[in-house]
Amino acid sequence: MRLHDKVAIITGAARGIGQSAAEVFCREGATVVIWDLLAEGETTAQRLRNQGFRCDFMSVSTTDVSGIETAAKEVYDRYGRIDILINNAGITRDKTLLKMSFDEWQQVIDVNLTGVFNCTKVVAPYMVEQKYGRIICTSSINGVHGAFGQTNYAAAKAGIIGMVRSWSKELGPKGITANAVAPGFIQTAMTDAMPDEVRNQAVATIPVRRIGKPDDIANAYLFLASDEASFVNGHVLAVNGGQAL
């Protein structure tokens, strides 16, 4: 029970990687609060409650500062602490530079970069007050190496790395660590929709010769959230099967 009695907020946990993280964190003893706009978040939370775990759902947009402030206060008032923040929520609006609209650029920056800032800005003071916290943000292999057709996404994910490294210096003396996880090619609804040939070509570039699973990322979150990672700060943990070194 690595997260016994810890309270964790996970954004974008209605499905996919975030949902896997909610399941893993519950099994490890945490009280999990899902922040998501998708109604599936309540379905996920109810399923976990039916299994005897402590899990709540709140309809929260990472772009709505007022909503984040209200939700964070509600979590703190209900449980008396916020130990872990997983900034997992994100969107894609893929286009090449010449085809990408200004709106498509801004949507991804607003959710994937500014949304991470918003949640951390609001939650961090609670962690400062208790002199303990774990902030974990989802970057990407494409935030480190770039990707065709992902100017907006790659820029946001690269920005997350810069923020995490800054926060590690600012918040480390206050008992709070800040780290990032950079996933590689992970099995999600998006990759499931790819043609088999395209997916197989991508897997062939991964030395371990398989696509990543959501639990691979959730377990990376778990390590960084645990006391075992108390001396890990400002780090970007690549979880990509060796696809990029």
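Just so we're clear, the structure is a prediction, and the values are computed from it rather than from any experiment. (Residues numbered from 1 in each chain as written. Predicted model: local features only at pLDDT ≥ 70, side-chain atom pairs only at ≥ 80, totals over all residues. Heavy atoms only, no water.)

Caption draft 1: Representation of the nonpolar core. Counting 32 residues, the largest nonpolar core has Ile9, Trp35, Val75, Val123, Ile135 and Trp167 as its most contacted members. Contributing elements (two or more residues each) for this core: strand E1 (7-11), strand E2 (31-36), helix H3 (65-79), helix H4 (102-130), strand E5 (133-138), helix H6 (151-171) and strand E6 (176-183). In terms of residue count, the dominant contributor to this core is H4 (7 residues). Not counting residues within four places of it along the chain, the set of residues in contact with isoleucine 135 comprises Leu85, Asn87, Thr120, Met127, Trp167, Leu171, Ile176, Thr177, Ala178 and Asn179. Counting 31 residues, the second-largest nonpolar core is a separate cluster that includes Ile17, Ala45, Ile186 and Ala229. (Core = buried A, V, L, I, M, F, W, Y, C linked by side-chain atoms within 4.5 Å. Buried < 20%, exposed > 50% of the residue type's maximum accessible area, 1.4 Å probe, protein only. Helix = DSSP H or I, 4+ residues; strand = E, 2+ residues; numbered from the N terminus. Contact = heavy atoms within 4.5 Å.)

Caption draft 2: The arrangement of the pattern of salt bridges in detail. Inspection of the entire model under this criterion finds 12 salt bridges. For aspartate 77, the salt bridge is made with lysine 73, and the minimal N-O distance between the two is 2.7 Å. In this pair, aspartate 77 and lysine 73 are both assigned in helix H3, 4 residues apart and thus about one turn of the helix distant. Residue classification places lysine 73 among the partly exposed positions, given a relative accessible area of 47%. Taking the shortest distance from any N to any O, the salt bridge between arginine 210 and aspartate 216 comes out at 3.0 Å. Residue classification places arginine 210 among the partly exposed residues on the basis of a relative accessible area of 38%. Where salt bridges share partners, they join Asp56, Glu74 and Arg78 into one cluster. (Salt bridge = Lys/Arg side-chain N within 4 Å of Asp/Glu carboxyl O.)

Caption draft 3: Expanded view of unusual backbone geometry. A positive phi is found at aspartate 5, a non-glycine position, where the angle reads about 65°. Mapped onto the secondary structure, aspartate 5 falls in the segment before E1. Positive phi values are uncommon outside glycine, yet arginine 209 reaches one of about 60°. One can find arginine 209 in the loop between helix H8 (196-204) and helix H9 (214-225). Using a relative accessible area of 54% as the deciding quantity, one classes arginine 209 as exposed.

Caption draft 4: Representation of the packing of aromatic side chains in the model. Overall, the coordinates contain 1 aromatic pair when judged by the stated rule. Between the aromatic rings of tyrosine 76 and tyrosine 126, the centroid separation amounts to 4.9 Å while the plane-to-plane angle is 40°, which identifies the pairing as tilted. With tyrosine 76 in helix H3 and tyrosine 126 in helix H4, this pair connects stretches of sequence that are 50 residues apart. What makes tyrosine 76 partly exposed here is its relative accessible area of 21%. (Phe/Tyr/Trp six-rings, centres within 6.5 Å; stacked < 30°, edge-to-face > 60°.)

Caption draft 5: Just H8, in detail. For H8, the full list of buried residues reads Arg199, Ala202 and Val203. Viewed along the axis of H8, the buried residues span an arc of 100°, placing them on a single side of the element. Lining the buried residues of H8 we find helix H7 (189-192). (Arc of directions from axis to C-beta.)

Caption draft 6: Layout of the pairing of strand E3 (residues 55-59). Among the 5 residues that make up E3, 4 are buried, leaving the element largely enclosed by the rest of the structure. With 5 bridges joining them, E2 and E3 adopt parallel strand pairing. The residue of E3 that forms the bridge with tryptophan 35 is methionine 58. Between E2 and its parallel partner E3, the chain crosses via helix H2 (residues 40-50), and the hand of that crossover is right-handed. (Pairing = 2+ DSSP bridges. Right-handed = clockwise from strand over helix to strand, strands pointing away.)

Caption draft 7: The arrangement of the environment of alanine 180 in detail. Structurally, the position occupied by alanine 180 is in strand E6. Spatially, the C-alpha atom of alanine 180 lies 9.6 Å from that of alanine 220, the residues being 40 residues apart in sequence. Excluding anything up to four places from it in sequence, alanine 180 contacts Cys137, Ser139, Val164, Leu224, His235, Val236 and Leu237.

Caption draft 8: Region of interest: empty space enclosed by the protein. Tallied over the entire structure, the rule returns 1 cavity of 30 Å³ or more. Put simply, the largest cavity is a space of about 30 Å³. Along its surface, the largest cavity is lined by Thr11, Thr62, Asn87, Ala89, Val111, Gly115, Val116 and Cys119. Its residues assigned to classes, the lining of the largest cavity shows 4 nonpolar, 4 polar and no charged. (1 Å grid on protein atoms, 1.4 Å probe; cavity = no way out; pocket = protein on both sides within 12 Å on 5 of 7 lines; lining within 4 Å. Points joined across faces, edges and corners; volume = space filled by probe spheres on them. Nonpolar A, V, L, I, M, F, W, Y, C, P; charged D, E, K, R; others polar.)

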